[in-house]
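Reading the structure
One letter stands for each residue in the lines below.
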Amino acid sequence: FFVFFTEEERRVRANDREYNEKFQYASNCIMTSKYNIITFLPVNLFEQFQEVANTYFLFLLILQLIPQISSLSWFTTIVPLVLVLSITAVKDATDDYFRHKSDNQVNNRQSQVLIGGILQKEKWMNVRVGDIIKLENNQFVAADLLLLSSSEPHSLCYIETAELDGETNMKVRQSLSVTSELGDPNNLAQFDGEVVCEPPNNKLDRFCGTLYWKDCKYPLSNQNMLLRGCVLRNTESCYGLVIFAGPDTKLMQNSGRTKFKRTSIDRLMNTLVLWIFGFLVCMGVILAIGNAVWEKEVGALFQSFLPWDPPVDNFLFSAFLSFWSYVIILNTVVPISLYVSVEVIRLGHSYFINWDRRMFCSRSNTAAEARTTTLNEELGQVEYIFSDKTGTLTQNIMTFNKCSINGRAYGEVMDILGAQQKRVQPLDFTAWNPLADRDFCFYDQSLLEAVMVGEPAVHEFLRVLSLCHTVMSEEKREGVLVYKAQSPDEGALVTAARNFGFVFRSRTPGTVTTHELGKAVTYTLLAILDFNNIRKRMSVIVRNPEGRIRLYCKGADTVLFERLHSCNHELMNITSDHLNEYAGDGLRTLALAYRDLSEEQWEAWAERFRGADKATDCRDDRLAAVYEEIEQDMMLLGATAVEDKLQDGVPETIAILSLANIKIWVLTGDKQETAVNIGYSCKMLTDDMTEIFIVNGHTVQSVREELRKSRERMLESARTRDGGKEAPPSSLLESISGEFALIISGHSLAHALEADMEREFLETACACRAVICCRVTPLQKALVVELVKRHKKAVTLAIGDGANDVSMIKTAHIGVGISGQEGIQAVLASDYSFSQFRFLQRLLLVHGRWSYLRMCRFLCYFFYKNFAFTMVHFWFGFFCGFSAQTVYDQYFITLYNIVYTSLPVLAMGIFDQDVPEQRSLEYPKLYEPGQLNLLFNKREFFICIAQGIYTSVVLFFIPYGVLSHATQSNGVPLADYQTFAVTTATALVIVVSVQIALDTGYWTAINHFFIWGSLGTYFTILFAMHSSILFNIFPKQFHFLGSAHNTLGQPVVWLTIALATVISIAPVLAFRFLKLDLKPQLSDTVRNTQLVLQKKRKPGGRVGRGSRRSGYAFAHQEGFGELITSGKNMRLSSMALATFASRHSSSWIDTLRRKKHANSTGAQNTPPTGEDSAASSQTPPLSTSSSAAGKAGQACNEPVLTHSPDDIALSVIRCPEREVGECSTGTVQVNIHLKTSSSTNCILWG
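Residues numbered from 1 in each chain as written. Predicted model: local features only at pLDDT ≥ 70, side-chain atom pairs only at ≥ 80, totals over all residues. Heavy atoms only, no water.

1. Quick notes on a nonpolar patch on the surface
The condition is simple: Grouping into patches uses exposed residues only, defined as over 30% relative accessible area, and leaves out salt-bridged ones; the cut-off is 9 Å for like charges and 5 Å for nonpolar side chains (Val, Leu, Ile, Met, Phe, Trp, Tyr). Using a 1.4 Å probe, accessible areas were evaluated by the Shrake-Rupley method; residue-level cover was limited to the displayed protein chains. A pair is scored as a salt bridge if a Lys or Arg side-chain nitrogen falls within 4 Å of a carboxyl oxygen belonging to Asp or Glu. The helix and strand labels rest on DSSP assignments: H or I over at least four residues marks a helix, E over at least two residues marks a strand, and numbering proceeds from the N terminus.
A grouping of Ile286, Phe878, Phe879, Phe957 and Tyr960 is seen on the molecular surface, where their side chains present a nonpolar patch of about 460 Å² in accessible area. Following the sequence through the fold, Tyr960 ends up in helix α32 (residues 938-963).

2. Let's talk about the nonpolar core
Across soluble globular proteins, nonpolar side chains have a tendency to be buried as a group. Here is the rule we go by: For our purposes a nonpolar core is just a set of buried Ala, Val, Leu, Ile, Met, Phe, Trp, Tyr and Cys residues, chained together by side-chain atoms within 4.5 Å. Burial status follows relative accessibility: with a 1.4 Å probe on protein chains alone, a residue under 20% of its type maximum counts as buried, one over 50% as exposed, and anything between as partly exposed. By the convention used here, residues are in contact when the closest approach between their heavy atoms is within 4.5 Å.
The biggest cluster of nonpolar side chains holds 100 residues, and the ones touching the most others in it are Phe858, Leu859, Tyr888, Phe892, Phe936 and Leu988. Ranked by residues supplied to this core, first place goes to helix α27 (residues 839-877) with 18 residues. When sequence neighbours within four positions are dropped, the list of residues in contact with Phe936 reads Leu268, Leu272, Tyr852, Cys856, Leu859, Cys860, Phe863 and Phe941. In this structure, Val650, Met689, Ile818 and Leu844 belong to the second largest nonpolar core, which totals 49 residues.

3. Quick word on the sheet that holds strand β26 (residues 635-646)
This is how the line gets drawn: Paired strands are those between which DSSP finds at least two bridges. Here, axes are lines fitted to C-alpha atoms. For helices the fit covers the stretch in contact, and angles between N-to-C directions go from 0 to 180 degrees.
The antiparallel open sheet is built from nine strands, whose spatial order is β17-β16-β26-β25-β24-β23-β22-β21-β20. Taken across any chain shown, the strands that pair with only one partner, and hence form the sheet edges, are β17 (408-410) and β20 (502-507). For this sheet, the mean angle separating the axes of adjacent strands, direction not counted, is 30 degrees. In this sheet, strand β25 (residues 587-597) lies alongside strand β24 (residues 549-555) in antiparallel orientation, the contact comprising seven bridges. Across the sheet, Lys554 pairs through a bridge with Leu592, a residue of β25.

4. Structural notes on the sheet that holds strand β1 (residues 10-13)
Here four strands make up an open sheet; going across it, the order is β1-β8-β9-β10 and the pairing antiparallel. Looking at strand neighbours, the two that pair on one side only are β1 and β10 (216-220), the edges of this open sheet. The average undirected angle you get between the axes of adjacent strands in this sheet is 20 degrees. As paired elements, strand β8 (residues 194-197) and strand β9 (residues 209-213) share four bridges and run antiparallel to each other.

5. Side note on the environment of Gly1013
Examined against the element boundaries, Gly1013 turns out to sit in helix α34 (residues 1005-1025). Residue classification places Gly1013 among the partly exposed residues on the basis of a relative accessible area of 27%. The spacing of Gly1013 and Pro904 is 109 residues in sequence and 9.0 Å in space, taken between C-alpha atoms.

6. Side note on the UniProt feature "active site" (unreviewed entry) in the chain
As a reminder, the rule being used: UniProt positions are given in the numbering used here, feature names are shortened, and annotations may be inferred rather than shown by experiment.
Feature annotation in UniProt places "active site" (unreviewed entry) on Asp388, given in this structure's numbering. Mapped onto the elements, Asp388 comes out in the loop between β15 (382-387) and β16 (394-405). Other than its neighbours up to four places away in sequence, Asp388 contacts Leu393, Leu667, Thr668, Lys781, Ile799, Gly800, Asp801, Asp805 and Met808.

7. Some remarks on the packing of aromatic side chains
Let me state the cut-off plainly: Only the six-membered ring of Trp is used, alongside the rings of Phe and Tyr, when aromatic pairs are assigned; centres must lie within 6.5 Å, and planes under 30 degrees apart are stacked while those over 60 apart are edge-to-face, with the rest tilted. Placement of a charge over a ring requires the Lys NZ or Arg CZ to be within 6 Å of the ring centre, with the centre-to-atom vector within 35 degrees of the ring normal.
Taken as a whole and assessed by the stated rule, the structure comprises 61 aromatic pairs. Considering the side-chain rings of Phe1019 and Trp1054, the 6.3 Å spacing of their centres and the 35 degrees angle between planes classify their relative orientation as tilted. One end of the pair, Phe1019, is in helix α34; the other, Trp1054, is in helix α37 (residues 1051-1078), with 35 residues separating them in the sequence. Through successive ring pairs, a cluster of aromatic residues spans Phe874, Trp875, Phe876, Phe878, Phe879, Phe882, Phe956, Phe957, Tyr960 and Phe980. Arg13 extends its terminal NZ or CZ atom over the ring of Tyr19, reaching a point 3.8 Å from the ring centre. Looking at Arg109, its charged tip hangs above the ring of Phe140, at a distance of 4.6 Å from the centre.

8. With respect to the environment of Phe892
By the element assignment, Phe892 lies in helix α28 (residues 890-900). Taking the C-alpha atoms as reference points, Phe892 and Ala981, separated by 89 residues in sequence, lie 9.9 Å from one another. With sequence-adjacent residues up to four places away left out, Phe892 is seen in contact with Phe869, Tyr900, Ala985, Leu988, Val989 and Tyr1018.

9. Section: the packing of helix α11 (residues 445-453) against helix α12 (residues 456-467)
The line we're drawing: The cut-offs work like this: below 35 degrees is roughly parallel, past 145 is roughly antiparallel, 65 to 115 is roughly perpendicular, and the gaps in between are oblique. Side-chain classes follow a simple rule in which Ala, Val, Leu, Ile, Met, Phe, Trp, Tyr, Cys and Pro form the nonpolar group, Asp, Glu, Lys and Arg form the charged group, and the remainder, Gly included, forms the polar group.
Interhelical geometry of α11 versus α12 gives an angle of 100 degrees and a closest axis separation of 8 Å. The angle between α11 and α12 places the two elements in the roughly perpendicular class. Every residue of α12 that contacts α11 at Leu447, Ala450 and Val451 is listed here: Val458, His459 and Leu462. When grouped by side-chain class, the residues that make up the contact of α11 with α12 number five nonpolar, one polar and no charged.

10. Considering the pattern of salt bridges
For the structure shown, the criterion picks out 52 salt bridges. Between Arg463 and Glu460 there is a salt bridge, with its nearest N and O atoms 2.5 Å apart. You can see Arg463 and its partner Glu460 sitting in helix α12, three residues apart, about one turn around the helix. For Glu760, the salt bridge identified is with Arg704, shortest N-O distance 2.8 Å. Here Arg704 lies in helix α20 (residues 700-721) and Glu760 lies in helix α23 (residues 758-766), a separation of 56 residues in the sequence. Within the structure, one salt-bridge network assembled from shared partners comprises Arg535, Arg537, Glu562, Arg563, Glu628 and Glu631.

11. As for unusual backbone geometry
Apart from glycine, the bulk of residues carry a negative phi angle, and the bulk of peptide bonds sit in the trans form. In the Ramachandran plot, Leu517 falls in the positive-phi region, its phi being about 55 degrees despite a non-glycine side chain. With respect to the helices and strands, the residue Leu517 is situated in the loop between β21 (511-516) and β22 (519-529). The backbone phi angle of Asp633 is positive, close to 55 degrees, even though this residue is not glycine. In this structure, Asp633 sits in the loop between α17 (619-630) and β26. Look at Asp633 and you get partly exposed, because its relative accessible area is 45%.

Structure follows, in structure tokens:
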């Protein structure tokens, strides 16, 4: 018996459990849970104590159990520690309970297993590798099976893989012909074949193995496999041999844990906590030294009547014990409740995202989902968005629009003079074709006429569309066909052929049946040369009823044109022009070709194909080489153009995100022209850009040269703008961000990502406002994201909808999945998911910004209140002989963080807002403080600490100074320890409550209840602990009977508390008023503007309507001068408007941004000079955008924003056009009145 720690190959013998068990393969029982009843407590505690904070508090608890150094009871630490550990344990136990429940449900499913020649019912968990299982229609596949036989003709079976890859279309699988006759249990019981295959892996689309049976070997591929998680459809029954079971199945191999992502605030908080620990040690050392000096100089005089405790025999040992005592007392500078509070706040933010009705798509019945709770505040710090195009920016719902056949273009409907006709009725196909799809729309009558008159090229073109595909056809009832396609493109092409009379009806493993103009034709399917991302093409080889063999191919034009016969040169040029025109219209294109094969050519190639197919090593490479041989010297037929429309709200979303200084990079597999046109459609590329750089080099030198020229043009533009001033190149590149765009192809990107060129590419790309990478592979997408992550101190977000986006989504700081047409693999790999790209602006500008703001305010206040609480002990040490005596009683120390101050700060952390959600969308510049990390950083931390230390000084010395000379009304002095403790504690609770009331920007009933309720709770508990009731029950625990009543009954105590509160809060109020008046933040300006608008609304000016941009985008490759000077686009774009309107409001933010980029690139920046800096200093801070975000259904011509300083009048007027769900979309018209030097007004509108 051998144990294989690294399995190199798998050997499975059918119906031989004894043989298979010696390899110790995994059983079919799955276990996604982490604990059981016995292991839960030890394992969970072990995991929790992996956290440094938990271990630290456990260490403190152990110290408190040593009576010589502990001046606090053990429960002051164990109560919060147990509370935190219990909350976490309950959460973990709940999660694991549901995992257990799910595991039991799956493991106890029933399956029919062939044992001893008899089918027996067995639970899934009892199935073993090598067993033969019978599956029936609509049953889940229990394990990864080799299909042996099926009840369907040709041993076909149909499966649905939604649980694996999210695709709901059916896929076909087929058994080997040699095992297809083993349909009877008696025959299967005698089957003793042995399978040798690859070890367990997570590749869903690949399987390589060999079946050895009866001295023969047969190659196995993924087409012979049924994977666990699939569902059997439209198949009465089938039998399969278990190859992989339980955790070895591909489903479980793909369910590995995603890499844990931490936010920048998490990393900063961990650093700050370490600093605080160091500060705590320093305070302990200072107080220990003070104890040593005091014991030596003063304490020695008291030895006769106040001797040291027995272990202590000198002042040094006393100081050593004092150090540990003060470590215990001062540990509350980092309370354990901090980490629990952070998790509670993040959980609340996640629920807000899940509950947001404005991010709910009624069409797909899909709500937004926060799939993680650890990244919410990082949503408010995103600087780079990497987006897929198809299905993310577009709908991924394809419609066949145009085509080019034999050099003639079809699809454009022209009138007699050659002008395009607009309102044309779609063709009626059902009148002559009863199998036509009624939802298919096409407008060009000439293509239908060409079909009717029997043009050979047109017929052959449509024949390719009806034969060269992997679509499955299902006939619901007579004449009603439903196509199940693996991609929307393929479905659109087959449907087009169907409507023009070439109807795909059915397929078997060896035949394809079509109806060609009403006549049934069956083709013999000789081979399928399948599509993949490397080949970028697909071919079929068929034999027609007359016996002629022909290869049909469709694929990317860049790949197909290289494999055409030389006689196609002229036709290829014409078709290329059509393809460029289609790509310029934003359509997705494919080229079509064919090749006639002789019987001898087919036989020779088929022999080589079978050899490569049976290969056990490098099988995929050998097949690719064989495919390459036959796909040569083809004859061009034409090209197709399929439209994938933009999703609703994409241009507006991109415009608003750009105004928030978020750079958007599109990474797509589409050809360059298509991607560029989509870039114009969604307003990533605009006509007012200075220049668009296209990098298309095929060699390292050419790519490097093109990137260098692009940077030189940018630097030249920056120097021209700055009046010829010299500045470091990196400084200029950062300063010109927003005026250029970069478009780079996949083959150029491969060179640009090499180690010696990646910095040049990154500098060039990051200086551009928009970047589009075309023809990129999934791996290249991830490499681009990784490049920005590695070299830029910026938060990245990747968004996509397909399996090819998974690597990019997992690589970015934040991954967002679109639940669209390409399955749910992207969603499963993501941190957040929703159904429409337009929801991204709300996720970032509303939820993300609020989450960041709330977390920063929470942390600032939390550190402040704990330093104010703890540092009082430090000052008291100088007045108590450094004896480690506490100021407060131990019950107050225990309850301060978990009762008196926990709920108000939680309410602020969950509900607080600085501006309403509408303003967050209307003023995208509000997002920038998060990108620059302005609200919580090391500087803000030290300010909070300084405020806390100042408050502690006031809270100690004011009561100390007043009470040391104060007396009661009967003349008895007030200068006793307990009076001082009650006074200081009460003043502390009041001060921190007033402070959080000042910090709260958005009041709810919950805030009121928690803040004033916490104050009430404090006084209730205070009087209860000093009451006679508790004293009578626990006389040894509650010593100070009536102390609270006596202390708080003295007017001088309340005057002392009021004085301490005023002195603590007054400087904060003064500073905030001065800051609001002298250097207001943009959020302050926005709030003030809204207050002004509520009092007085100014009417908007005259409004004009801008012209629409031509959809023919390919002309932009020639240059944009003619379009700009033609006057067709004389309107101020939203991007230019926002830059104009907000330049003055963000000058200080821009300065910080340049400093940040200078630090990340190692270069020093120069501040803006000249007219820009003058303008930025003279105009008041205000920012706005021309987005369509805001209240749904707002009346036309109602001014949303009006701001009129001396030199600029700006009004934004929204005109709703239509309602979509609960959101309104419409046009936005912006009027800007500029006062020129001649006192005349210049009006720009758009």
